[in-house]
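Read off the chains here:
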Amino acid sequence: MKWLIAQFWRRRISILVLLAMAGLWQILSTIYTAEAVPGEPMVPGWQIVFSRTLLSLSDYWRGGLNVPSVAEGAPQSYLAALLSILDHSVDTIVRLYVGLLMGAIVGTLLGMAVSWSRWTRRIVDLPVQFLRTLPLLAMVPMFQLWFGIDFVGKIAFVGYGVGVIFFAGVVNAVKNVPQIYIDNARTLGASRLQIYRTVVLPAIFPEMRGTILLSLGIGWAAVLGAEYLGAQSGLGYIIIYSEQFAYLDRMFVVALIFVFYASISYAIFDRLSRLLLRWTPQAGRVVAHG
Amino acid sequence: MARAAGGRDVIVASKLSRTFRRADKQTVTALDDVTFGIDPGQFVCLVGPSGCGKSTLLKLIAGLMLPSAGTLEVEGESVTQPGPERGMVFQQDSVFPWLRVIDNVEYGLKCRGVGRAERRRSAEFYLERVGLSHVARAWPRELSGGMLKRVAVATVFANGANVLLLDEPFGAVDYVTKRNLHDVLLALWTEAGSDERRTVVFVTHDVDEALILADRILVMHSGRIVDDLAVTAPRPRTTDGLMEPTMVRHKHVLLAHLGLEDAKGAAEAPAGARADP
């Protein structure tokens, strides 16, 4: 409890800014009362968001766990709404992170293949550079037709979007690995595979931080983009379904849920990368005290 | 001049050449028809002005670079790539910043599959010998330049190389640190009996450094070996020892080769100071 209070106190400025933003939203909702369609305000105030909107998310509950769905004739309930958020979140997050992981691994391996040998460079470089130029979101329909509208298609799409970013990031970062470390490893008897694992990989990580953060953002955009078209579940599906009925308040809630998840994933990544980068000269650097 | 290749030499170079093509399409000869042999256990310093080809020669022995012409053998085998039997200490800091000090010292042993306990024992032994036991668990960024050099020296010794190649290793450290590093290096080198000492090839442009360290000094100029001096002064070499007449003559010869004195000093050097008649 003491710890929690200390955390809040340490971040008091940020928390105040957040509260001010929420307040501004509320003021805006009372000043600007236009409606998209009758009964659906353009700027839904918090009193709507936390009552009607939250309850309405139970529309997307697909049933099970002895909690009947609205489609089965049950009334809207907060329990169904909560389960519905969890259910669709899990779908989206699984698609996102499985795709992200696969894209990161494949993109990194292909990126390293460019510097592995002359032959792997010839085979990999041009085709992947070519794939990289394709506009990501325009590829959604193709991925759906190829891989289907369910998980495989979404995961492949996220993997593709993240993979090409990782590829470009790795190719660039490997170029910047100081030759001295590679020479040192070679004279100490390391094989080429060992050099990639024990020298190239750790040496590129500081530079890859930016790429990884970027790919987290692209990953969210890709998974939502994929869910807009033809998915039967996921947070993107709720947004696109809401759009058909101009349910701006539901879209707003889903957007808030995104912010929540994204913040958590950035925080986890920050912790993790700080642990992995303890060795860098910049670790714990302060530009100016005060 | 440089002695012809003998049977028991650990490093044998024969008509070794290396050329580079510069960006302006000009061909530059860094190493020009060099022939020499180095005895096992000898401490050899390569001395010469900047750009004379001494670093190129070292890189060829290390296998980080291949010759344009000629042959090079180490321990009877033609050099085609780097190998753990030839350890190298570079001028720049080569210690991996993402590994703790002790993991750096163990690195080569780990790569070759030496067991955890054994490589740790070896790393701890050499860290102790270079006086760095207290920072075994530290990150390299927390060490001074001189300490990083000690780590690099401990690493090549722990790795068990028979031939140690040092490319101006202490060029970037201050005078006091440099003298301490000489002591550390010589202590590690001499602690083995004289018949099982490791062979050292040490590149430097510092005449005093060469005289303190070497059994033999090869002088290079414009890609060729132009002189071969035997330094027979007893070890450890004291400040007084460096002022002995033979050492002073050696110094004049070396300074003349570097263009810092006219060739008079070299001409006055007695024949006995040379490795070969």
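Residues numbered from 1 in each chain as written. Chains lettered and ligands numbered in written order. Predicted model: local features only at pLDDT ≥ 70, side-chain atom pairs only at ≥ 80, totals over all residues. Heavy atoms only, no water.

A. Structural context of the environment of B:Ala210. Residues and elements named next belong to chain B. By the secondary structure assignment, Ala210 is in helix 6 (residues 207-213). Between the alpha carbons of Ala210 and Leu254 there is a distance of 9.6 Å; along the sequence they are 44 residues apart. Apart from the residues within four sequence positions on either side, Ala210 is in contact with Cys45, Val47, Thr204 and Ile217. (Helix = DSSP H or I, 4+ residues; strand = E, 2+ residues; numbered from the N terminus. Contact = heavy atoms within 4.5 Å.)

B. Molecular detail of unusual backbone geometry. Residues and elements named next belong to chain B. That bond from Arg235 to Pro236 is cis: its omega, -5°, falls within 30 degrees of zero. Checked against the element boundaries, Pro236 lands in the loop between strand 10 (224-230) and helix 7 (245-257). Positive phi values are uncommon outside glycine, yet Ser222 reaches one of about 50°. When you line up the elements, Ser222 lands in the loop between strand 9 (216-221) and strand 10.

C. Region of the structure containing the pattern of salt bridges. All names here are of chain B. Taken as a whole, this structure holds 20 salt bridges over all chains when the rule is applied. Between Arg224 and Asp32 there is a salt bridge, with its nearest N and O atoms 3.3 Å apart. Linking Arg224 in strand 10 with Asp32 in strand 2 (residues 27-38), this pair joins segments that are 192 residues apart in sequence. With relative accessibility at 40%, the residue Arg224 sits in the partly exposed group. For Asp32, a relative accessible area of 27% translates into the label partly exposed. Note that Glu168 and Lys54 form a salt bridge whose closest N and O atoms lie 3.7 Å from each other. You can see Glu168 sitting in the loop between strand 7 (163-167) and helix 5 (175-190) and its partner Lys54 sitting in helix 1 (residues 54-62), a full 114 residues away along the chain. Classification of Lys54 as buried rests on a relative accessible area of 4%. Salt bridges sharing common partners tie together Asp103, Glu106, Arg119 and Arg120. (Salt bridge = Lys/Arg side-chain N within 4 Å of Asp/Glu carboxyl O. Buried < 20%, exposed > 50% of the residue type's maximum accessible area, 1.4 Å probe, protein only.)

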